[in-house]
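Fold and geometry: a report
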Amino acid sequence: MKNKKLENKKLEEITVQDMMLTPMGCKIVAETAIKSLAGQIGKWAEEYPEERENYQADIEVLWRTLWLFNKCDFLFKDPAAKDEDLAA
C-alpha cells in the first residue's frame with residue numbers, strides 16, 4: 001500500500017497506521033490510548049475497592065501525561081509549522 005497523505009483521505013478511511021505516519025497523528029493515538037486506559041483503570045477501581053488508592057495513583061499519572069502532551073503540543077507539529085510559530 002502506498003503512503004497517501006491524510007488530507008486526501010476521507011475520515012472513515014483513515015486507520016491507526018495512517019495516523020502514526022504524522023507527528024500529530026501519533027499524539028492523537030497516544031491521547032486516545034491514555035484516555036482508554038484511564039477509563040479501564042477506573043472500572044478496576046470500582047471492582048476492587050481495596051486497591052482503589054493504587055489505581056487512583058495510576059490514573060493521576062495518566063492524566064498528568066495527557067496534560068503534558070497538551071502543554072507540549074508544539075512538539076508534534078510539522079517542522080515547517082514549528083518554524084512559523086518560532087518566527088511569530
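On average, residues of the protein carry a pLDDT of 78, and 70% of them reach 70 or more. Of all helices and strands in the protein, the one with the weakest mean pLDDT is helix α4 (residues 79–87) (60), whereas helix α3 (residues 52–71) scores best (88).

Okay, the packing of helix α2 (residues 23–47) against α3 next. Viewed as axis vectors pointing N to C, α2 and α3 meet at an angle of 165°, and their least axial separation amounts to 9 Å. In terms of orientation, α2 and α3 fall into the roughly antiparallel class. Here the hand of the crossing between α2 and α3 comes out left-handed. Between α2 and α3, the contacting residues are K27, A30, E31, I34, K35, L37, A38, I41, G42, W44, A45 and E46 on the first element and R52, Y55, D58, I59, L62, W63, T65, L66, F69 and N70 on the second. Of the residues belonging to the contact of α2 with α3, the class tally is 13 nonpolar, three polar and six charged.

What follows is about the environment of Q17. Examined against the element boundaries, Q17 turns out to sit in helix α1 (residues 16–19). Sequence separation between Q17 and V29 is 12 residues; the distance between their C-alpha atoms is 9.7 Å.

Compared with an ideal rise of 1.5 Å per residue, which puts 20 residues at 28 Å, α3 spans 28 Å between its outermost C-alpha atoms and is within 8% of the ideal. Those residues of α3 hidden inside the fold are in contact with α2.

What follows is about the packing of aromatic side chains. Per the counting criterion, the structure on display carries one aromatic pair. Considering the side-chain rings of W44 and Y55, the 6.2 Å spacing of their centres and the 45° angle between planes classify their relative orientation as tilted. With W44 in helix α2 and Y55 in helix α3, the pair connects residues that are 11 residues apart, well separated along the chain. Positioned above the aromatic ring of W67, the side-chain terminus of R64 is 5.4 Å from the ring centre.

It is worth spelling out the nonpolar core at this point. I34, A38, I41, A45, Y55, I59, L62, L66, F69 and F76 together form the largest nonpolar core, which totals 10 residues. Looking at this core, the elements that each hand over two or more residues are α2 and α3. Not counting residues up to four positions away in its chain, the partners in contact with F69 are K27, A30, E31, I34 and F76.

In this structure, K27 sits in helix α2. A polar atom in the side chain of K27 sits 2.8 Å from the side chain of E31. Engagement of the side chain of K27 in a polar contact is seen with the side chain of N70, the distance being 3.3 Å. Setting aside residues up to four positions removed in sequence, K27 forms contacts with F69, N70, D73 and F76.

Criteria and thresholds
Residues numbered from 1 in each chain as written. Predicted model: local features only at pLDDT ≥ 70, side-chain atom pairs only at ≥ 80, totals over all residues. Heavy atoms only, no water. pLDDT = per-residue confidence, 0-100. Helix = DSSP H or I, 4+ residues; strand = E, 2+ residues; numbered from the N terminus. Axes fitted to C-alpha atoms, helices over the stretch in contact; angles between N-to-C directions. Parallel < 35°, antiparallel > 145°, perpendicular 65-115°, else oblique. Left-handed = near helix turned anticlockwise from the far one by under 90°. Contact = heavy atoms within 4.5 Å. Nonpolar A, V, L, I, M, F, W, Y, C, P; charged D, E, K, R; others polar. Expected span 1.5 Å × (residues − 1). Phe/Tyr/Trp six-rings, centres within 6.5 Å; stacked < 30°, edge-to-face > 60°. Lys NZ or Arg CZ within 6 Å of the ring centre and 35° of its normal. Core = buried A, V, L, I, M, F, W, Y, C linked by side-chain atoms within 4.5 Å. Buried < 20%, exposed > 50% of the residue type's maximum accessible area, 1.4 Å probe, protein only. Polar contact = N/O pair within 3.5 Å; in protein donor to acceptor, adjacent residues only side chain to side chain.

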